[in-house]
Amino acid sequence: MNEVLKSITERYTCRDFSPEPLEASQIDALVKAALAAPSAMNLQPWHLVVVTDKAFIEEMDNAAMDVVKKDAEWYKRMSERGGKIFYDAPCLIFIARNNSEYAPLDCGIVSQNIALAAHALGLGSCICGMAKIPLDDEKGAKFLARLNFPAEYTFGMSVCVGREKSGKVPHEIDASKVTYIK
């Protein structure tokens, strides 16, 4: 099978990372893969912020879980997944976006490039929209100041990346999600 197609079908959402940090060459490869993403009219409406400061990631994670605790059902689900938003990932890549019409879609493409590159490098990943939670909370201004998004940019998406602590099977392919018109 083609290596790209193999990566697409084999990757899964990792929610159990080992604490060991990524190598600089791995981070560089992830960033290059992200920046290679196509975008509408090649506007590239994104800016990446790579966070490897474990204490900062933990601080944002704790703030997010404080918000999640306010909803019993959501808290139960997150607790079953380890009680963390970022799953102890040693690297968190924020994808900030401008206000262009296609920025949400383009940020999704960037996040998929990062996830596929991570898999190709033997790493796990989790595309994480919940990273927005601590940014919208009472400590959000402090977190945003540290993230230093460019002026007029907001949260678009994030991707947690690290070494997988335990493996998982990719989700089942559901052919019922396809209609063919011939």
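The structure we're discussing is the one just above.
Some details on the sheet that holds strand E1 (residues 46–51)
Okay, step 1: Across the sheet, 4 strands lie side by side as E1-E2-E4-E3; this open sheet has antiparallel pairing. With partners counted over all chains shown, the strands left at the sheet margins are E1 and strand E3 (124–127), one partner each. Recorded for the sheet is a direction-independent mean angle of 20° between the axes of neighbouring strands.
Okay, step 2: Most of the contacts of helix H3 (residues 54–68) go to strand E2 (residues 91–97), to which it runs at about 65°, and overall it touches E1 and E2.

Describing the packing of helix H2 (residues 24–35) against helix H5 (residues 103–120)
Okay, step 1: Here H2 crosses H5 at 145°, and the two axes come no closer than 8 Å. Crossing angle aside, the handedness with which H2 passes H5 is right-handed. Listed contacts from H5 to Leu-30, Ala-33 and Ala-34 of H2 are Val-110, Asn-113, Ile-114, Ala-117 and Ala-118.
Okay, step 2: When its residues are assigned to classes, the contact of H2 with H5 shows 7 nonpolar, 1 polar and no charged.

A look at the layout of surface pockets
Okay, step 1: Size it by volume and the largest pocket reaches roughly 220 Å³.
Okay, step 2: Every residue lining the largest pocket is listed: Ile-8, Thr-9, Arg-11, Tyr-12, Thr-13, Gln-112, Leu-116, Lys-168, Val-169, Pro-170, His-171 and Ile-173.
Okay, step 3: Mapped by element, the contributors of at least two residues to the lining of the largest pocket are helix H1 (3–10) and H5.
Okay, step 4: Here the residues of the lining of the largest pocket are counted per class, giving 6 nonpolar, 4 polar and 2 charged.

Regarding unusual backbone geometry
Most peptide bonds take the trans form, and the phi angle of most residues other than glycine is negative.
Okay, step 1: Notably, Asn-42 is not glycine yet its phi reads approximately 55°, a positive angle.
Okay, step 2: One can find Asn-42 in the loop between H2 and E1.

Things to note about the nonpolar core
Okay, step 1: In this structure, Val-51, Ile-85, Phe-86, Leu-92, Phe-94, Leu-147 and Cys-160 are the most contacted members of the largest nonpolar core, which totals 30 residues.
Okay, step 2: Those elements giving two or more residues to this core turn out to be E1, H3, E2, helix H6 (132–136), helix H7 (140–147) and strand E4 (154–162).
Okay, step 3: It is H3 that provides the largest number of residues to this core, a total of 7 residues.
Okay, step 4: Contact partners of Ile-85, with chain neighbours within four places excluded, come to Asp-61, Ala-64, Met-65, Val-68, Met-78, Cys-128, Met-130, Ala-131 and Ile-133.
Okay, step 5: Counting residues in hydrophobic clusters, the runner-up holds 19 residues, among them Ala-33, Trp-46, Cys-91 and Val-159.

Regarding the pattern of salt bridges
Okay, step 1: Counting across every chain of the model gives 11 salt bridges.
Okay, step 2: Between Asp-66 and Lys-69 there is a salt bridge, with its nearest N and O atoms 3.9 Å apart.
Okay, step 3: Assessed through its relative accessible area of 42%, Asp-66 is described here as partly exposed.
Okay, step 4: The exposure class assigned to Lys-69 is partly exposed, which follows from its relative accessible area of 47%.
Okay, step 5: Put simply, Asp-53, Glu-59, Lys-142 and Arg-146 are held in one network by salt bridges that share partners.

Calculation notes
Residues numbered from 1 in each chain as written. Predicted model: local features only at pLDDT ≥ 70, side-chain atom pairs only at ≥ 80, totals over all residues. Heavy atoms only, no water. Pairing = 2+ DSSP bridges. Helix = DSSP H or I, 4+ residues; strand = E, 2+ residues; numbered from the N terminus. Axes fitted to C-alpha atoms, helices over the stretch in contact; angles between N-to-C directions. Contact = heavy atoms within 4.5 Å. Left-handed = near helix turned anticlockwise from the far one by under 90°. Nonpolar A, V, L, I, M, F, W, Y, C, P; charged D, E, K, R; others polar. 1 Å grid on protein atoms, 1.4 Å probe; cavity = no way out; pocket = protein on both sides within 12 Å on 5 of 7 lines; lining within 4 Å. Points joined across faces, edges and corners; volume = space filled by probe spheres on them. Core = buried A, V, L, I, M, F, W, Y, C linked by side-chain atoms within 4.5 Å. Buried < 20%, exposed > 50% of the residue type's maximum accessible area, 1.4 Å probe, protein only. Salt bridge = Lys/Arg side-chain N within 4 Å of Asp/Glu carboxyl O.

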